[in-house]
Amino acid sequence: KAIQRYDNLAAARNFRPGKTEKSTMDIPEIFGQNTLTLDKLEERLPKSAWKDLQRTIDEGQTLNIDVADAVALAMKDWATEKGATHYTHWFQPLTGSTAEKHDSFITPNQGGGAMAVFSGKDLIQGEPDASSFPSGGLRPTFEARGYTAWDPTSPAFIVENQKGTYLCIPTAFASWKGEALDHKTPLLRSNDALNKASKEALKLFGVESKRVGSTVGCEQEYFLIDQEFVYRRPDILTSGRTLVGAKPPRGQELDDHYFGSIPERVLSFMLDAEKELYKLGVPVKTRHNEVAPSQYELAPIFELANVAADHQQLTMMILKKIAKKYGLECLMHEKPFDGLNGSGKHLNWSLSTAEGDNLLEPGESPHENMKFLFFFTAVLLGVYRHQDLLRISVAHAGNDHRLGANEAPPAIISSFIGEQLADIVEQLINGGAKSSKQGGLLGLGTPVLPDLPKHAGDRNRTSPFAFTGNKFEFRALGSNQSPSFPIVVLNTVIAEAIEDMTEDLKKAKKGDSIEKALASVLRARLNECKPVIFNGDGYSDDWQKEAKKRGLLNLKTTPDAIPYLTKKENVKLFKKYKVLNEKEVHSRKEIWTDQYITTRTIEVDTIESIAKTMIYPATVRYIGELAKAVEKADALGLDNSGSKTMLTKVNNELNKLGAALDTLADVQAKMKYKDSSEHAVKVESEVLPVMKDIRDSIDFLERYVADDYWPLPVYREMLFIK
Ligand code: ADP
Ligand code: MG
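Residues numbered from 1 in each chain as written. Chains lettered and ligands numbered in written order. Predicted model: local features only at pLDDT ≥ 70, side-chain atom pairs only at ≥ 80, totals over all residues.

- By the naming in an unreviewed UniProt entry, the chain is Glutamine synthetase III, taken from Gracilimonas halophila.
- Within the UniProt record for the chain, the comment given under Sequence similarities (unreviewed entry) is "Belongs to the glutamine synthetase family." (UniProt positions renumbered as here; feature names shortened; annotations may be inferred.)

**Focus on the overall build of the chain**
Thinking step 1. For the chain, the helix and strand inventory stands at 25 helices and 17 strands.
Thinking step 2. With the C-alpha coordinates of the chain rotated into their principal frame, the extents come out at 105 × 85 × 55 Å.
Thinking step 3. When burial is assessed residue by residue, the chain has 48% of its 722 residues classed as buried.
Thinking step 4. In the chain, once contacts between residues fewer than 6 apart in sequence are set aside, the share between residues at least 24 apart is 75%. (Helix = DSSP H or I, 4+ residues; strand = E, 2+ residues; numbered from the N terminus. Buried ≥ 20, exposed ≤ 12 C-beta atoms within 10 Å, placed from the backbone. Contact = placed C-beta atoms within 7 Å.)

**Overview of the site of ligand 1**
Thinking step 1. Ligand 1 sits among 16 residues. The nearest are Thr-215, Gly-217, Phe-302, Asn-348 and Ser-350.
Thinking step 2. A class-by-class count of the residues in the shell around ligand 1 yields six nonpolar, seven polar and three charged. (Near = placed C-beta within 6 Å. Nonpolar A, V, L, I, M, F, W, Y, C, P; charged D, E, K, R; others polar.)

**Description of the domain arrangement of the chain**
Thinking step 1. Splitting the chain by domain gives domain 1 (31-182) and domain 2 (191-595).
Thinking step 2. Of note, the centres of domain 1 and domain 2, computed from C-alpha atoms alone, are 30 Å apart.
Thinking step 3. Of the residues lining the interface, 25 residues belong to domain 1; the matching set on domain 2 comes to 25 residues.
Thinking step 4. Along the lines of polarity and charge, the residues of the side of domain 1 that touches domain 2 split into eight nonpolar, 14 polar and three charged. (Domains from an automatic or database assignment.)

**Some words on the pairing of strand E14 (residues 344-353)**
Thinking step 1. The buried count for E14 comes to nine of 10 residues, which makes it a mostly enclosed element.
Thinking step 2. Inspection of the sheet shows strand E9 (residues 212-226) paired to E14 by nine bridges, in the antiparallel sense. From the neighbouring strand, Ser-214 faces E14, where its bridge partner is Leu-351.
Thinking step 3. Bridging between E14 and strand E17 (residues 472-478) involves five bridges; their strand directions are antiparallel. Paired with Trp-349 across the two strands is Phe-472, which belongs to E17. (Pairing = 2+ DSSP bridges.)

**Structural notes on helix H10 (residues 264-279)**
Thinking step 1. Counted at 1.5 Å a residue, the expected span for H10 with its 16 residues is 22 Å, and the 23 Å between its end C-alpha atoms agrees.
Thinking step 2. Looking at the buried residues of H10, the elements they touch are helix H2 (27-30), strand E10 (284-289), helix H11 (305-325) and strand E13 (328-331). (Expected span 1.5 Å × (residues − 1).)

**Quick word on the packing of helix H22 (residues 582-635) against helix H23 (residues 641-670)**
Thinking step 1. In contact at an axis separation of 9 Å, H22 and H23 are set at 155° when each is read in the N-to-C sense. The orientation of H22 with respect to H23, classified from their angle, is roughly antiparallel. Our pair here, H22 against H23, has a crossing hand that is left-handed. Between H22 and H23, the residues in contact are Glu-608, Ala-611, Lys-612, Thr-619, Tyr-622, Ile-623, Leu-626, Ala-627, Ala-629, Val-630 and Ala-633 and Ser-643, Lys-644, Met-646, Leu-647, Val-650, Asn-651, Leu-654, Leu-657, Leu-661 and Leu-664, respectively. (Axes fitted to C-alpha atoms, helices over the stretch in contact; angles between N-to-C directions. Parallel < 35°, antiparallel > 145°, perpendicular 65-115°, else oblique. Left-handed = near helix turned anticlockwise from the far one by under 90°.)

**Regarding the pairing of strand E6 (residues 146-150)**
Thinking step 1. Judged by how many residues are buried, E6 sits mostly within the fold: four of five residues are covered.
Thinking step 2. Both strand E5 (residues 125-126) and E6 contribute to a ladder of two bridges, which runs antiparallel. Of the residues in E6, the one forming a bridge with Gln-125 is Ala-149.
Thinking step 3. Where E6 meets strand E8 (residues 164-175), five bridges bridge the pair, whose relative direction is antiparallel. In the sheet register, Gly-146 faces E8, and the bridge partner there is Ser-175.

**Some thoughts on the environment of His-386**
Thinking step 1. One can find His-386 in the loop between helix H12 (366-385) and helix H13 (387-393).
Thinking step 2. Note: C-alpha distance between His-386 and Leu-319 (67 residues apart in sequence) is 33 Å.

**Remarks on the confidence of the model for the chain**
Thinking step 1. For the chain, the average pLDDT comes to 89, and 92% of its residues sit at 70 or higher.
Thinking step 2. When the criterion is pLDDT under 50, residues 432-457 qualifies, and its contacts beyond four places in sequence or with other chains add up to 46 contacts.
Thinking step 3. Interface confidence for the predicted complex, given as ipTM, is 0.96, next to a pTM of 0.93. (pLDDT = per-residue confidence, 0-100.)

**With respect to helix H15 (residues 418-430)**
Thinking step 1. Over its 13 residues, H15 runs 18 Å from end to end, which matches the ideal 18 Å to within 8%, given 1.5 Å per residue.
Thinking step 2. Those residues of H15 that fall on the buried side of the exposure criterion are Gly-418, Leu-421, Ile-424, Val-425 and Leu-428. In a view along the axis of H15, the buried residues occupy a sector of 100°, so they form one face of it. With respect to the buried face of H15, the exposed residues turned more than 90 degrees away are Glu-419 and Asp-423. (Arc of directions from axis to C-beta.)

**Remarks on the environment of Asp-400**
Thinking step 1. You can see Asp-400 is positioned in helix H14 (residues 397-400).
Thinking step 2. A sequence separation of 78 residues divides Asp-400 from Gly-478, and the C-alpha atoms of the two residues are 9.2 Å apart.
Thinking step 3. Those residues in contact with Asp-400 that lie beyond four places of it in its chain are Thr-557 and Thr-558.

**Re unusual backbone geometry**
Thinking step 1. Positive phi outside glycine occurs at Ser-294, with the angle close to 65°.
Thinking step 2. Within the fold, Ser-294 resides in the loop between E10 and strand E11 (295-300).
Thinking step 3. On the basis of neighbour counts, which here come to 24 C-beta atoms within 10 Å, the residue Ser-294 falls in the buried class.
Thinking step 4. Of note in the backbone geometry, Lys-578 takes a positive phi value of approximately 55° without being a glycine.
Thinking step 5. Along the polypeptide, Lys-578 turns up in the loop between helix H21 (568-576) and H22.

**Notes on the environment of Arg-250**
Thinking step 1. With respect to the element layout, Arg-250 can be found in the loop between helix H9 (234-239) and H10.
Thinking step 2. Between the alpha carbons of Arg-250 and Tyr-715 there is a distance of 9.6 Å; along the sequence they are 465 residues apart.

Shown next, in the form of structure tokens:
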């Protein structure tokens, strides 16, 4: 009986995509075709309504309710012209993905016909049943309702399907008490906090801005694996990653995949996916192969944080959807294959005024440099003070396999700022002491500060938070995660730092020039946050020791990190900037802890069932065959030492596997905990090691059991057939 795995192999090898449209791509023509861009909305709205809306978008003012009716009408007309029959409020519950509930535009009229209706009320507010979304105790079970509220700062868009289209309206999602059940609400609130603090600070530099916001660009890594293999891998199906699988003889050692030419089928997929993204107004820019075989990356041009976060969700959705058209599965797990690089997401973050001034651009004139040094220092200060929050914002089960594993930044939060800036920081700190020589005002209002070449020393990939020319790059995000909470954290901790430094500066400025005042503020604040600056090798053991000496946090796993979320200082911070109230903070801790436990539970159940129902039977069959061979050879008087050795090895390992499964049952039966945080810690410290033992035995067996008995597609097949 030829093993079924070979059928999948053949199918994967012979895959040809069905007839796809020819990919002529007129980008300017199709870009934003499926989004209701502001230009289009302006054309369709009465002038006064448009002005009102614009104020909401640009300056964050509350939308006049009457205007909503006008916008709803324009939106409905636009969508139905595009063939949409339904609309949905599109929101981002704390599951980390997106949610939709479709409603038809059609309402029956008195004459027995039907007409398309969509009012301002329908636009502004929806009422999905929220009982199945995680609320972490925010929503009592008897109150199932949740509310979605239109976010006018992110454009509505059309999703196309072969059979039709529907309108998606980006919305926030909250409980009936107005508590945020989603990722968007805190993000919008943190934008406001950052805006307020930054505008106030800018005034000290004589700059009036309409609005200041964070800009974000997310580089996204992913794997593409033939679907045929995925169907036969219960672990990928339930957990998104391989829970077993021996390292192939050839992995990424040859580095021949990185930046190599893109395989034909993959390139077709990319072109198709990019086309869909362009239509949705997502400004995709770069694509290339990544380090591991079958690993790729995509990056857009940066946008305002809120829109960038929505677009990142759309990007993940489209990549997964289009991959299937090409017989591929897009894996975004942080560590789909053991022994090979996992996938991350780099969050590029900067601060920009509505007038287009990037506040982290070192710039050329000294005046610009003052501003730059102020905001640059504020970022470092915020990150230093709230390392725990940055760490928490990237903490989830999948990322635990990647962070600190010599392929991704360690769990210690530090910042790489490059040689040049490190030198400047050093001089600023020592400025006071050296004032007799250089006046201590280096780089502040005098041309002594050298122009900072862009991307100077941008090659340190081991840093979780690196300054790269005119932005910071937070590199510890997991591939599969929503970028929203990391953005929320950055926005909030930096808003606080800006506000504190603004106060400093206001005080210091009394009776002193801005140059002198700023010099003293920078000196004090850089001295404070200096420990977070690290330009060396983040992968090294020395850094672990050095970081400890500096008093930096090293929260290695998700269960280690999450409890810090509800520390007094953090609750106070989020409350002060009206980003999350105390209940909202606690609910997130609950939800993320539960998510960790659930993820691990699914993984454990899956590996257990693979071991028992796939590996055990296959190995027993092979043992039977070996035993027969040993017996036969004996009967014939032949030397059977080879088969005997093999038999013994396989049999011993199978016994080990059996013992590990028993241990697992034992650990699970005996596990006791007082709350979910302790449960998570115990899953991590007691269950994970047994999972590893189970895996080790299975991976051993994979190397010994006859290939035609082995039930699972192996790494070499999954990774090298494209
Ligand atoms: P690098 O090679 O340093 O990663 P890239 O120019 O390739 O730099 O940019 C990587 C990502 O950073 C892109 O998504 C880009 O849009 C984003 N980016 C560039 N400038 C900014 C900025 N000012 N704010 C936010 N993101 C930015
Ligand atoms: Mg980068």
